[in-house]
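# Report on the structure
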Amino acid sequence: MTTPALLPLSGRRIPTLSPGAASFPHHRATLRLSEKFILLLILSAFITLCFGAFFFLPDNSKHKRFDLGLEDVLIPHIEAPKGAKHPSGQVVIHGQGGHDEHRHREEEESLRDKIRVDHERALQEAKEKLRKSRDELRAEIQTEKSKVVEDLKKKKEVPKPLPPVPMPKMLGVNDGDSVEPDVKEKRDKIREMMKHAWDSYRQYGWGHNELKPLAKKGHSTNIFGNSQMGATIVDALDSLYMMGLHDEFKDGQEWIEQNLDFSVNAEVSVFEVNIRFIGGLLAAYYLSGQEVFKVKAVQLAEKLLPAFNTPTGIPWAMVNLKSGVGRNWGWASAGSSILAEFGTLHMEFVHLTYLTGNPAYYQKVMHIRKLLAKMDRPNGLYPNYLNPRTGRWGQHHTSVGGLGDSFYEYLLKAWLMSDKTDTEARKTYDDAIEAIERHLIRKSNGGLTFIGEWKNGHLERKMGHLTCFAGGMFALGADGSPDDKAGHYLQLGAEIAHTCHESYDRTVLKLGPEAFKFDSGLEAVAVRQNEKYYILRPEVIETYWYMWRFTHDPKYRQWGWEAAQAIDKYCRVSGGFSGVKDVYSSNPTYDDVQQSFFLAETLKYLYLLFSSDDLMPLESWVFNTEAHPLPVLHLANLTLPGNQAQR
């Protein structure tokens, strides 16, 4: 006879037959009868045992019969000194003993009757279940499952109402056309590249976090856990909107309305989910005015808050969206949190408090700032690692590239986003940049300005592609610099832009490597094989755009166009765009990943580079570290809870 398979049902298993048993109806009938008989016997024995235990065990008033938390009902009061308290918390008063004893006997009898009725009902229901056929049971189970699913859907469809808040003035959302034909032609080419990247993802990876453009299927990494959260959709929305790709934007919006669910059992990076998802959803909301984006951003933000439940308030690097359990990356120094991760929450969290009226978001990020302000900093530098349990620095490694970069960026942008009223953020930024200039910024023998990395008292003369964003940051922060140093920082931004352009120009593909060195006679060139790849990163183009906005020097558009042509030539494939493993090889191999940030950042910065300054003016918008624009909040005219200093 065919062995029964097992079907899980809410933690239980019920027997079911494999398809091969269908041709043996007599076996099936025999099996059903024997199963029912055995189950009925077991159930009857169990109920008999329960009744026997309840009614025939000795009735000693000094002992509990059940520990159901009903001591007042099931434990008659014991003689006690006058005014003494019974374990239930009631005071026992002499002279009322007979009346109380009679009352409690009646309550005991009533409870016994209730339990007897419940047991009889349960027995009757069990008998009825056993009379049903397997198909009837399956149908009943499916009905219950469907009911649970519908109930869950109804709960999801009724999100918490958010308070109405005034929308900041939206300037430069639909402008940006250039009057120069050649510039417009380049801009249209970037839009076409965006459409190719999006359409490929739409066709081959829809709903997945990212795309494998050669394999033509979905892709994900551990920063999103094991979930399919449509990272590319959320990351690309504002780019689509800016580029006038409104049908594509609408497709993305519909997917988010119907499918984006954060109640998944997935362990995600707090930092990555904040900058890509919360930043992307908030930007889409401010650009389009569609309420769904705001609601989804707030739903996700609530899921991130448990990450801050640490002894110091410094959040864990990862959090499980379902359980709220957090932990740090195994490779981080001594279980530390990372500066660029816990220091890159301020912009999004301030907007969350603004939109919801919930002060928790603002308070979390301000607590981080205050804690860091109290700590000693070696040579005035912020190490990349901080232990969230002890509040102590990990290894003394400082970088303006990976692990450190966006912490400095968000200090400056907190000031800009506050309409330049958050002077504490500006002062912290200025002090940090002064220490970086003193200890990390050097000129190579060939005259290239670079930003090295500080490791345990030693400067490593290596610069990462990620560090190239700093050229744009220095330019963005030039206005407002102390001691009339605006010109100095604009020049420093130009020098970093030049160095990073050299890292592109000195490769075969005219695309920059992941990291490049300045020693042993080699300058702005990658040495190690594992640093020669290009994964569609945006930081160099980001700096070109900021430098263009502040100087209008045509070389920045020229350099950006060189990069766009190289990407289109060497990274474009039929199924999208892929990173390459060696920018020094004339016949490179692909890594087969179309990163979500390629649509969010790289193509957006290229599009802005060939648009007029009317599109997303920097006086009104501040871009988060994933290039999602958030409006300047005129904090002098509004109150953030607990933000008296900025009013």
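Calculation criteria
Residues numbered from 1 in each chain as written. Predicted model: local features only at pLDDT ≥ 70, side-chain atom pairs only at ≥ 80, totals over all residues. Heavy atoms only, no water. Helix = DSSP H or I, 4+ residues; strand = E, 2+ residues; numbered from the N terminus. Buried < 20%, exposed > 50% of the residue type's maximum accessible area, 1.4 Å probe, protein only. Areas by Shrake-Rupley, 256 points an atom, 1.4 Å probe, with all protein chains shown as cover. Disulfide = S-S within 2.5 Å. Axes fitted to C-alpha atoms, helices over the stretch in contact; angles between N-to-C directions. Left-handed = near helix turned anticlockwise from the far one by under 90°. Contact = heavy atoms within 4.5 Å. Nonpolar A, V, L, I, M, F, W, Y, C, P; charged D, E, K, R; others polar. Expected span 1.5 Å × (residues − 1). Pairing = 2+ DSSP bridges. UniProt positions renumbered as here; feature names shortened; annotations may be inferred. Bend = angle between axes of the 7 residues up to and from the residue. pLDDT = per-residue confidence, 0-100. Core = buried A, V, L, I, M, F, W, Y, C linked by side-chain atoms within 4.5 Å. Parallel < 35°, antiparallel > 145°, perpendicular 65-115°, else oblique.

This next bit is on the overall build of the protein. Helix and strand counts for the protein come out as 19 helices and 21 strands. Relative to its 647 residues, the protein shows a buried fraction of 52%. Of the roughly 30000 Å² of accessible surface on the protein, 53% is carried by carbon and sulfur atoms.

Turning our eyes to something else, we now look at unusual backbone geometry. Of note, Asp592 is a non-glycine position whose phi angle comes to about 60 degrees, a positive value. One can find Asp592 in the loop between β19 (576-577) and α19 (596-609). The phi dihedral of Met616 is positive, around 55 degrees, even though this residue is not glycine. For Met616, the location among the structural elements is in the loop between α19 and β20 (621-623).

Let us now look at the state of the cysteines. Taken as a whole and assessed by the stated rule, the structure comprises one disulfide. The residue that forms a disulfide with Cys468 is Cys500, at a sulfur-sulfur distance of 2.0 Å. As the torsion about the S-S bond is roughly -95 degrees, the Cys468-Cys500 disulfide counts as left-handed. Of this pair, Cys468 sits in the loop between β15 (462-464) and α15 (470-476) while Cys500 sits in helix α16 (residues 486-505), placing them 32 residues apart in sequence.

Packing of helix α13 (residues 405-417) against helix α14 (residues 423-439) leaves a shortest axis separation of 8 Å and a crossing angle of 145 degrees. Note that α13 runs across α14; the crossing there is left-handed. Facing Tyr408, Leu411, Leu412, Ala414 and Trp415 of α13, the residues of α14 in contact are Thr423, Ala425, Arg426, Thr428, Tyr429, Ala432 and Ile436. Tallied by class, the residues present in the contact of α13 with α14 amount to nine nonpolar, two polar and one charged.

When the terminal C-alpha atoms of helix α18 (residues 554-570) are compared, their 25 Å separation across 17 residues agrees well with the 24 Å that a helix rising 1.5 Å per residue should span. Every buried residue belonging to α18 is among Tyr556, Arg557, Trp559, Gly560, Trp561, Ala563, Ala564, Ala566, Ile567 and Asp568, and all of these are buried. For α18, the elements touching its buried residues are α5 (181-204), α16, α17 (539-551), β18 (572-573), β19 and α19.

Another aspect to go through is the sheet that holds strand β7 (residues 326-327). Taking strand neighbours across the sheet as the criterion, the three strands line up as β5-β6-β7 in an open arrangement whose pairing is antiparallel. Looking at strand neighbours, the two that pair on one side only are β5 (267-269) and β7, the edges of this open sheet. Bridging between β5 and strand β6 (residues 318-320) involves three bridges; their strand directions are antiparallel. Bridge pairing in β6 places Val268 opposite Val319. Contacting β5 and β6, helix α8 (residues 270-288) runs over the sheet at an angle of about 70 degrees to β5.

Attention shifts here to the UniProt feature "active site" (unreviewed entry) in the protein. Residues given the UniProt feature "active site" (unreviewed entry) here are Glu272, Asp405, Glu514 and Glu539. Summarising the element assignment, Glu272 is placed in helix α8. Of the residues examined, Glu272 reaches a relative accessible area of 15% and is grouped as buried. When near neighbours in sequence (up to four residues on either side) are disregarded, Glu272 contacts Ile223 and Phe277. Within the fold, Asp405 resides in helix α13.

The next subject is the environment of Gly401. Structurally, Gly401 can be placed in the loop between β10 (397-398) and α13. Look at Gly401 and you get buried, because its relative accessible area is 1%. In this structure the C-alpha to C-alpha distance between Gly401 and Ala340, which are 61 residues apart in sequence, comes to 9.2 Å. Among all residues touching Gly401, those that are not within four sequence positions of it are Leu466 and Thr467.

It is worth spelling out α19 at this point. In this model α19 runs 20 Å from its N-terminal to its C-terminal C-alpha over 14 residues, within 8% of the 20 Å that 1.5 Å per residue would give. The sharpest bend along α19 comes to roughly 25 degrees, located at Leu603. Across the 14 residues that make up α19, a large majority, 14, are buried.

Segments scoring low in pLDDT should not have their predicted coordinates read at a detailed level. Across the protein, the average pLDDT comes to 85, with 79% of residues at or above 70. Taken as a whole, residues 55-96 scores under 50 in pLDDT and shows 49 contacts with residues more than four places along the chain or in a different chain. Ignoring residues within four places in sequence, the model shows residues 642-647, a span with pLDDT below 50, making twelve contacts including any to other chains.

Before going further, it helps to spend a moment on the sheet that holds β15. Spatial strand order, β15-β16-β17: three strands in an open sheet with antiparallel pairing. The sheet terminates laterally at β15 and β17 (522-525), the two strands that pair on one side only. Taken over all neighbouring pairs, the strand axes of this sheet differ in orientation by 20 degrees on average, direction set aside. By the bridge criterion, three bridges tie strand β16 (residues 515-519) to β17 in an arrangement that is antiparallel. What sits directly across from Lys517, in β17, is Val525.

Ranked by internal contacts, the top residues of the largest apolar core, which has 164 residues, are Phe277, Phe474 and Phe623. At twelve residues, α8 tops the list of elements feeding residues into this core. In contact with Phe474, other than residues within four places in its own chain, are Tyr429, Ile433, Ile441, Ile451, Tyr489, Leu492, Gly493 and Ile496.

Bringing the packing of helix α6 (residues 231-242) against helix α7 (residues 246-259) into the picture now. Where α6 contacts α7, the axes come no closer than 9 Å and their chain directions differ by 150 degrees. Relative to α7, the element α6 lies roughly antiparallel. The two elements α6 and α7 meet at a crossing, and its hand is left-handed. For the pair α6 and α7, the contacting residues are Ile233, Val234, Leu237, Leu240 and Tyr241 in the first and His246, Glu248, Phe249, Gly252, Gln253, Trp255 and Ile256 in the second.

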